[in-house]
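Structural features, examined
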There are 2 protein chains.
Amino acid sequence: MLISTKGRYALRILVDMAEHQSEGYITLQEVAGRQDISEKYLESIVRELVKGGIVSGQRGKGGGYRLCRPPEKIKVGDILRCTEGSLAPVACLMEGSVPCARTARCRTLEFWKGLDEAIRRYTDGYTIADMMQSGGDGDDYII
Amino acid sequence: MLISTKGRYALRILVDMAEHQSEGYITLQEVAGRQDISEKYLESIVRELVKGGIVSGQRGKGGGYRLCRPPEKIKVGDILRCTEGSLAPVACLMEGSVPCARTARCRTLEFWKGLDEAIRRYTDGYTIADMMQSGGDGDDYII
DNA sequence: CTAATTCCTATTATAATCGCAGGAAAATAG
DNA sequence: CTATTTTCCTGCGATTATAATAGGAATTAG
């Protein structure tokens with residue numbers, strides 16, 4: 001049931017980019033340095049976010065990435081669906097799945113639909129902007 | 001993010017057992033036949049449910065399994081935590097995990113806590129008895 | 001004793017995740 | 001035009017998790 005590192009890192013990356021969006025295009029090197037994630041692994045995650053229309057990339061000198069929309073319009077649900085493929089708890093409820101033979105007499109389907117709905121409601125009600133106001137000022141290390 | 005077959009089958013198994021609880025001990029052979037799951041695989045799932053105190057087994061001739069509590073007292077959350085190990089969406093929130101070094105300045109932790117809470121609230125508010133009243137009478141095949 | 005049944009310990013095959021490497025393509029600066 | 005920087009693309013290797021099966025020990029009823 002765990003969310004993969006891809007999804008978890010994606011959130012951190014986007015909050016990081018949101019916090020530095022005034023600086024124009026942000027390079028992966030910067031984000032990698034700040035977030036302690038390898039540049040190469042970041043690449044594979046950010047590529048999904050580009051495909052999903054959440055960030056856009058600009059190649060060449062002076063290039064980098066930037067958010068396509070302001071942070072308060074980026075839903076966490078969209079990010080996770082983008083990097084995880086889907087947030088549905090069971091295959092029956094994934095986008096574009098065909099109903100299985102048991103559907104009509106399935107005792108568990110209603111439960112799964114409700115869980116899917118609960119997850120969707122929560123994740124779509126939370127934005128990157130909400131995350132920016134959470135968890136200290138970024139410099140208050142414990143140690 | 002998908003729930004594994006272990007968790008999904010566990011729900012079907014328990015609904016099945018609840019529907020036949022008046023018959024006393026229920027053998028895996030019966031459940032396997034009705035649910036179209038191999039007896040051997042069922043075994044590994046039911047073993048977890050025994051450990052988790054959800055069903056109890058009786059060996060020998062005339063033995064089998066039965067629910068430890070009435071269906072309306074068996075929360076789906078308990079079943080899934082039992083078979084999946086945990087329902088937490090991130091490792092930080094798993095039972096008995098040590099807080100990571102980023103905790104104090106983590107921008108995403110609050111979000112994950114909320115998601116965990118939403119999942120917990122929904123799954124703990126749903127019981128096997130609720131499932132028994134869902135999805136037709138068990139004989140209304142589509143075909 | 002015999003048959004039925006749960007319990008226990010392994011093992012295998014398959015798939016998914018995680019992370020890295022190498023280089024092509026594009027944009028800019030000089 | 002050349003050199004540099006940066007995203008883009010393809011693919012690989014290691015590790016881990018899932019799914020399912022196999023074989024037999026322990027227990028109970030008759």
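Refer to the structure above for everything that follows.
Just so it is clear, the model here is predicted, and its values are computed rather than measured. (Residues numbered from 1 in each chain as written. Chains lettered and ligands numbered in written order. Predicted model: local features only at pLDDT ≥ 70, side-chain atom pairs only at ≥ 80, totals over all residues. Heavy atoms only, no water.)

With that settled, the discussion passes to the overall build of chain A. When helices and strands are tallied, chain A shows six helices and two strands. Reading chain A from its N terminus to its C terminus gives the helix and strand order α-α-α-β-β-α-α-α. For chain A, the spread of C-alpha atoms along the three principal axes comes to 60 × 35 × 25 Å. Burial analysis of chain A (143 residues in total) assigns 45% to the buried set. Within chain A, contacts between residues separated by at least 24 positions form 63% of all contacts whose residues are at least 6 apart in sequence. Total accessible area on chain A is roughly 7,400 Å²; 50% of this is exposed by carbon and sulfur atoms. For chain A, the centre of its 20 positive side-chain charges and the centre of its 20 negative side-chain charges are spaced 10 Å apart. (Helix = DSSP H or I, 4+ residues; strand = E, 2+ residues; numbered from the N terminus. Buried < 20%, exposed > 50% of the residue type's maximum accessible area, 1.4 Å probe, protein only. Contact = heavy atoms within 4.5 Å. Areas by Shrake-Rupley, 256 points an atom, 1.4 Å probe, with all protein chains shown as cover. Lys, Arg positive; Asp, Glu negative; His and termini not counted. Charge placed at Lys NZ, Arg CZ, Asp CG, Glu CD.)

Another point: the interface of chain B and chain A. Taken together, the contacts link 48 residues of chain B with 48 residues of chain A. Between chain B and chain A, the buried area comes to about 4,100 Å², and carbon and sulfur atoms account for 64% of it. Of all residues in chain B, the largest losses of buried area upon contact with chain A belong to B:Met1, B:Arg107 and B:Phe111, amounting jointly to 22% of the total for that side. In this assembly, chain B and chain A are joined by two salt bridges. Its salt-bridge partner being A:Glu19, residue B:Arg107 comes within 2.7 Å of it at the nearest N-O pair. For the side of chain B that touches chain A, the elements supplying multiple residues, two or more each, are α1 (5-19), α2 (28-35), α4 (76-84), α5 (109-124) and α6 (128-132) of chain B. Among the elements that take part in the side of chain B that touches chain A, α5(B) stands out by supplying nine residues, more than any other. (Buried area = accessible area lost by both parts, 1.4 Å probe. Salt bridge = Lys/Arg side-chain N within 4 Å of Asp/Glu carboxyl O.)

Looking now at the nonpolar core. A:Val55, A:Ile79, A:Phe111, A:Trp112, B:Val55, B:Ile79 and B:Trp112 are the most contacted members of the largest nonpolar core, which totals 84 residues. Non-local contacts of A:Trp112, meaning those with residues more than four positions away in its chain, are made with A:Pro89, A:Val90, A:Leu93, B:Ile3, B:Arg8, B:Leu11 and B:Leu80. (Core = buried A, V, L, I, M, F, W, Y, C linked by side-chain atoms within 4.5 Å.)

As a further point, take helix α5 (residues 109-124) of chain A. If you check α5(A), its first and last C-alpha atoms are 22 Å apart, about what 16 residues at 1.5 Å a residue would give, namely 22 Å. For α5(A), every residue scored as buried is listed here: A:Leu109, A:Phe111, A:Trp112, A:Leu115, A:Asp116, A:Ala118, A:Ile119 and A:Thr123. For α5(A), the secondary structure elements touched by its buried residues are α4 (76-84) of chain A together with α1, α4, α5 and α6 of chain B. (Expected span 1.5 Å × (residues − 1).)

What follows covers the protein's contact with DNA strand D. If you check the shell around DNA strand D, you find 24 residues, and the closest are A:Leu28, A:Glu43, A:Tyr65, B:Ser38 and B:Lys40. In DNA strand D, the atoms that sit within 4 Å of the protein are 64% sugar and phosphate, with bases accounting for the remainder. At 2.8 Å from a base nitrogen of DNA strand D is found a side-chain nitrogen or oxygen belonging to A:Glu43. Between B:Lys40 and DNA strand D, the recorded distance is 2.3 Å, taken from a side-chain N or O atom to a base oxygen. Secondary structure elements with two or more residues in the surface near DNA strand D: α2 (28-35), α3 (39-51), β1 (55-58) and β2 (64-67) of chain A together with α1 and α3 (39-51) of chain B. Of the residues that constitute the surface near DNA strand D, the class distribution is five nonpolar, 11 polar and eight charged. (Near = heavy atom within 4 Å. Polar contact = N/O pair within 3.5 Å; in protein donor to acceptor, adjacent residues only side chain to side chain. Nonpolar A, V, L, I, M, F, W, Y, C, P; charged D, E, K, R; others polar.)

Screw-axis analysis of chain B against chain A gives a translation of 0.0 Å along the axis, an RMSD of 0.1 Å, and a rotation angle of 180°. Considering both components of the superposition, the chain copies are consistent with a two-fold axis. Using C-alpha coordinates, one finds that chain B approaches the rotation axis most closely at B:Met1, a distance of 2.4 Å. Mapped onto chain A, 100% of the interface residues of chain B are again interface residues, and the two copies thus contact each other with one and the same surface. (Least-squares fit on C-alpha atoms with pLDDT ≥ 70 in both.)

Looking at DNA strand C, there are 26 residues lining it, with A:Ser4, A:Ser38, A:Lys40, B:Glu43 and B:Tyr65 nearest. One of the side-chain nitrogen or oxygen atoms of A:Lys40 is found 2.5 Å away from a base oxygen of DNA strand C. Side-chain polar atom of A:Arg59 to a sugar or linking oxygen of DNA strand C: 2.9 Å apart, as the coordinates give it. Mapped onto the surface near DNA strand C, the elements with two or more residues apiece are α1 (5-19) and α3 of chain A together with α2, α3, β1 (55-58) and β2 (64-67) of chain B.

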